[in-house]
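# Structural characterization, general
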Amino acid sequence: MTLAFLFPGQGSQTVGMGGSLAGAFASAREVFDEVDEALGQRLSMLMREGPEDQLTLTENAQPALMAVSVAVARVLTVEFGIDVSKAGYVAGHSLGEYSALCAAGAISLADTARLLKLRGQAMQRAVPVGKGAMASLIGPKTDLALAEAAAAAGSEVGVCVVANDNNAGNIVISGDKAAVDRAIEKAKELGARAIPLNVSAPFHCPLMQSAADEMADALADAKIVAPIVPVVANVTARPETDPEAIRRLLVEQVTGRVRWRESMEWMASEGGVTRFAEIGSGKVLTGMAKRIAPDAESLALNAPEDLDAFAKSLEG
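First, a word on scope: everything that follows refers to the structure included in this document. Given the structure is predicted, the values throughout are model-derived calculations rather than measurements. (Residues numbered from 1 in each chain as written. Predicted model: local features only at pLDDT ≥ 70, side-chain atom pairs only at ≥ 80, totals over all residues. Heavy atoms only, no water.)

## Looking at the environment of arginine 182
With respect to the secondary-structure elements, arginine 182 resides in helix H9 (residues 177-189). Residue classification places arginine 182 among the partly exposed residues on the basis of a relative accessible area of 37%. Considering only alpha carbons, one finds arginine 182 and alanine 153, 29 residues apart in sequence, at a separation of 6.7 Å. Setting aside anything within four residues of it in sequence, one finds arginine 182 in contact with Ala153, Gly154, Glu156 and Val157. (Helix = DSSP H or I, 4+ residues; strand = E, 2+ residues; numbered from the N terminus. Buried < 20%, exposed > 50% of the residue type's maximum accessible area, 1.4 Å probe, protein only. Contact = heavy atoms within 4.5 Å.)

Have a look at this one:
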C-alpha cells in the first residue's frame, strides 16, 4: 500500500474546527498556541467560537485551515507514531500546499502561519471587492474542454481562466466579473450548470499578479528545506523536493491553475497510491479522490476517533 496525505484548501473552514482535537490532545493545543504566537492573534479562539464571517475572511481562513491540518499531522506523529514519512507523497489544494510543506518539514509552522496570513491579505488587496468573480462549472457534461471554451468566451470581455481543475464535473473559473458572467452563459449553452461562488477575490488568475509579487518577496526570505516526502505541486501536478523549485512554484501558484485532477491522477497511476487520507477540516478532498481515483481507498482524518481507527488500520 502506498499512502498519500491530502491537505484541504479554502472553503473547508467551519466554526469549531479543531476543537475536538484540542480537547483530546496536548500536541494539537501546542500547534494552535504556536500559530497564535506567530501571528500575534487569538486565531484559535476565532476557530473555536467564530464569528463565522471573521473566520471566513481569507487572511484568517488560510492560516486557520493550515493550523488544523498540521495539528492532525502532529497528533498522528506524537500520539500514534505515524509520521508523514510513512506516506509516499503529500499534496494540498491551493493553500493546502503550504500545509503539506509544513507537515513534511519543508517550512516551519511559525513561518507557514505568517506566509499564509500575508498570502490572504495580498490576495484581498490585489483586486477591489466586486471587480472579480469565480464560478463553479458542474454537471456530467463538465470537463476541462468545456471549461476552457467557456473561459475563452469570457476572455472576449476581460480576464477569465480556468482556476481549479478539481475533477470531471467540477471545474472553477476565475477573472473579471463581466468576463466570468459571460463565461457562465457560455457554459450553460454547452450543457454545464454554473454556480457563482461567494468569494472575496478572483483567486488563481492573472488578476492576482500583485499578490504573487508580494509572495515572491516574502518567500525569498523564507527558510525552505527539502521535505521529507515529495510534495505534488499544484501548478505542475508532479512531485517536487528541491527547495528552490518549491519556492518558485509557490509564487506561480498564486496566479496559476490548481491542477488537482491531474495531481490525483498522477499519484494514483504513476505514483502507485492506493490510499488517500485527507488531513484537516472537512471531507472535500475525500469526495474528489473517490471520483478521480475510485479504485483507491479514500478517507478523512478530522476527529480523534478517525485518527484512532486510521492508526489501527495501519497496524493490520
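Picking up after the structure, the text goes on.
## A word on the pattern of salt bridges
Throughout the structure, instances matching the rule amount to 16 salt bridges. The shortest N-O distance in the salt bridge between glutamate 156 and arginine 182 comes to 3.3 Å. A residue pair is termed long-range when its members are at least 10 positions apart, and glutamate 156 in the loop between helix H8 (144-154) and strand E4 (160-167) and arginine 182 in helix H9 qualify at 26 residues. Accessibility expressed as a relative area gives 62% for glutamate 156, which makes it exposed. Between arginine 247 and glutamate 244 there is a salt bridge, with the nearest N and O atoms lying 3.1 Å from each other. Linking arginine 247 with glutamate 244, this pair stays in helix H11 (residues 243-255), spanning three residues, or about one helical turn. (Salt bridge = Lys/Arg side-chain N within 4 Å of Asp/Glu carboxyl O.)

## Things to note about the sheet that holds strand E5 (residues 170-176)
Taken in spatial order, the four strands of this open sheet run E4-E5-E3-E6, and their pairing is antiparallel. Strands with a single pairing partner mark the edges of an open sheet, and in this sheet they are E4 and strand E6 (193-196). Averaged over all adjacent pairs, the angle separating strand axes in this sheet is 25°, with direction ignored. Taken together, the four bridges between strand E3 (residues 132-138) and E6 define a ladder with antiparallel strand orientation. Note on E6: the bridge partner recorded for alanine 135 is proline 196. Along the sheet face, H8 touches E3, E4 and E5 and points at about 160° away from the line of E4. (Pairing = 2+ DSSP bridges. Axes fitted to C-alpha atoms, helices over the stretch in contact; angles between N-to-C directions.)

## Here's the deal with the environment of arginine 259
Inspection of the secondary structure assignment puts arginine 259 in the loop between H11 and helix H12 (260-268). For arginine 259, a relative accessible area of 24% translates into the label partly exposed. Here the alpha-carbon distance between arginine 259 and serine 94, two residues 165 residues apart in the chain, equals 9.5 Å. Setting aside residues up to four positions removed in sequence, arginine 259 forms contacts with Asp165, Asn234, Val235, Thr236 and Ala237. A distance of 2.5 Å separates the side chain of arginine 259 from the side chain of glutamate 262, its partner in a polar contact. (Polar contact = N/O pair within 3.5 Å; in protein donor to acceptor, adjacent residues only side chain to side chain.)

The values are spatial; any link to function lies outside them.
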